Amino acid sequence: MRKITMSLGAAALAMSFAQSAAAEKLTVYHWFEYIPQELLNEFTAETGIEVVMDTYDSNEALFANLKAGGLGSYDVAVPGDYMVKIMNDEGMLDTFSPSELKNFGNIMDQWLDVDFDMGRKSSIPYQWGSTSFMVDRDVYSGNIRTTDIIFNPPSELKGKINILDTAGETLAFASLHMGFPQCSSDRAQLKELSEMLETAKADWASFNSDGAKDVLSSGDAAAGMIWNGFGAKARAERASLEYSYPDQGYIVWMDNVVLLKDAPNREAALKFMDFLLEPENAAAVTNYARYTAGVKGVEAFLDPELVTSPENNPPADAPAGTFIEVCAPETQALYDAIWTQLKK
Amino acid sequence: MAGWITKGGNGAQTSIVDGKQHILLMPAWFVIGILLVIPVLVMLIYSFLTQDFRGGVIWEFTLEAYDQFFIDRGLFGDEPARIEWTYLGIFWRSFLQALFAMVFCFLIGFPTAYFIATRAPKSRSFWLFLITIPYWVNLLIRTVSMKFLIRDTGPLNNWLMSWGVIDDPISMINTNFAIQLGLFYSYLPFMVLPIYASIERYNFALSEAAADLYSNRWTTLFKVVIPAVKPGIIAGCILVFIPSLGAFLAPDLLGGAKNFMIGSLVEEQFKGQSGDWPFGAAVSMILLTIIMIILLFYARAQSRDNNGGH
């Protein structure tokens, strides 16, 4: 990842020499491997603003770095839904009015009034997707539209399951399996959840997030939790993999471009957001990351394979996905304790 | 480190450095001060502060972090206080794992070092060079490569199956065996090099003398060679044991990250959901204290040896 950052940094540096000394600069704090370099080059060509990018690998890392003094050095970042809310509560976000973005109207209606940013005052949609699991159909051909695959697996899959090594998503998914609320403080429920996880763990092979695709495409795991876009890439390498939208529900998430407080170049940040709201550019990100854009009119620019991919198109009878909730500190401490108990 | 291997080398002051020791030591003091003492002090102070939700600290003194480590009050904190076994269990597992890694490294490393040290002087550097070749590559990449080698569909299983040794692949990945293999591979040279340095200086005339006195090979090895090269063996053991204790690449990548090691437990406190920095600092301080106690015992035993020997 450092290598990626460095090469992007080098590219940005090269560009900065190519341009006049007075060139404007935009500083982006972004996930790793989540935006194609050509798109950044195009932004620079269009606006004359050079882009400098740093990367992170989790919402928590982004938050920790901004909290530890990173605020004021970046213009925009790309936090997930619940992190937008946390950052807003911490006063890390600046606001804009819809009139400041000429492409504001391109945001899909369903993504305008979202819980984490009602009316889109500080953020615009970047990409959204789901977190569920995939199963190797060569190994198991039964019904996979149930979370039992992960938490109460059939004998074919026992000992061949990979779990995401992120407490938030895995515990939320386990709560869906049990039909419990995500931020429960009910003793009986938490105890049951913890016991269910400890029993299920005996059937799991590994905990791995960055390797979630690799363990499936290599055959090390026959079933594994994964994000849908990452899953599409896994299926490209091993055709027998199938992504599941279980009946008990699954997690949906949305990454959003936010305007950071004390942004050194607020103007450039807004131009960048406008740029990303152009259907063609939003589609370019989707084609690269294999998730789904939250912008109207992207269809014409999409890779045709994506339009019909099973990972991006839930079956008609699948339930709606559930966003991760932000628990109160006391409740969060209970879930942390359950996670520690699970991995002790 | 050199002090452990070369006993009593402190009588060799020359007139060139006389009276200038402090100036000459400045760079070392500077590095130790900035890179070691200050971070450890920060950690010590943080371990006694109050946790701020999602990372950071509140500047109020509390023993909360140490309390959490040692005392169990149930999930909801209202049960009678008991000893907390969760974290002690994680420490125990890490210690056991480091101990095994140390023993395996010694069993393979000692004969290797002996072999190299008994070659002709010219070819020794060649053998040492061979030992160091894998270490030109980053530890992470080596660990991932190991994973590729031993996975169910990997070359090792494929060869064994094509030779008819086994019918079904042996599941090696995500086991304790895989973790040990990773640690062994990572830290073997730390065992070989100090032992080699000791054996190289060993006077083989002593072995001949023992043989002249009708000592067989094993007796010579245990009564003459090993006591003579003991400082190198102990240095090697410490150099393997301590990094293995904090290792988390091998347990995570090869062992499947199913259980916390001390290293990953600390990491989780800084990168995880609630970001409990004081607790992470406290775990680190407890580990540091344990290691210091071990080293102090060793140093005492060593100085007793020296006094008795001279």
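This structure is a prediction, so every number in the text was calculated from the model and none was measured.

**Student:** What am I meant to see in the nonpolar core here?
**Tutor:** If you look at soluble globular proteins, the nonpolar side chains tend to sit buried side by side. Ranked by internal contacts, the top residues of the largest apolar core, which has 97 residues, are V76(A), M134(A), A223(A), I226(A), V258(A) and L260(A). Once residues lying within four places of it in the same chain are set aside, the contact partners of A223(A) are F133(A), M134(A), V135(A), D136(A), I149(A), I150(A), P153(A), L157(A), K160(A) and I161(A). Counting residues in each nonpolar core, the second largest holds 52 residues, with F184(B), M191(B), I199(B) and C237(B) among its members.

**Student:** Honestly, the domain arrangement of chain A in this entry has me stumped. Any pointers?
**Tutor:** Accessible area lost during the coming together of the parts is what is often quoted as the interface size. Residue and element names in this part refer to chain A. Once the domains are mapped, chain A shows domain 1 (2–128 + 253–308) and domain 2 (129–251 + 314–343). On the domain 2 side, the residues contacting the eleven residues of domain 1 number eleven residues. Those elements that provide at least two residues to the side of domain 1 that touches domain 2 are α4 (81–89) and β6 (123–136). For the side of domain 1 that touches domain 2, the element with the most residues is α4, which contributes four residues.

**Student:** I would appreciate a short explanation of the pairing of strand β2 (residues 57–61) of chain B in the present structure.
**Tutor:** Consecutive side chains of a regular strand alternate in pointing toward one face of the sheet and then the other. Residues and elements named next belong to chain B. Counting buried positions over the five residues of β2 gives zero, only a small fraction of the element. Alignment of strand β1 (residues 49–51) against β2, held across three bridges, turns out to be antiparallel. Of the residues in β2, the one forming a bridge with Q51 is V57.

**Student:** In this structure, what is going on with the environment of I144(A)? I would like to understand it.
**Tutor:** All names here are of chain A. With respect to the helices and strands, the residue I144 is situated in the loop between β6 and α5 (148–151). Once the C-alpha coordinates of I144 and P246 are considered, the two residues, 102 residues apart in sequence, prove to be 7.2 Å apart. In this view, I144 contacts V135, I149, E242 and S244; residues no more than four positions away in its chain are not counted.

Conventions adopted
Residues numbered from 1 in each chain as written. Chains lettered and ligands numbered in written order. Predicted model: local features only at pLDDT ≥ 70, side-chain atom pairs only at ≥ 80, totals over all residues. Core = buried A, V, L, I, M, F, W, Y, C linked by C-beta atoms within 7 Å. Buried ≥ 20, exposed ≤ 12 C-beta atoms within 10 Å, placed from the backbone. Contact = placed C-beta atoms within 7 Å. Domains from an automatic or database assignment. Helix = DSSP H or I, 4+ residues; strand = E, 2+ residues; numbered from the N terminus. Pairing = 2+ DSSP bridges.

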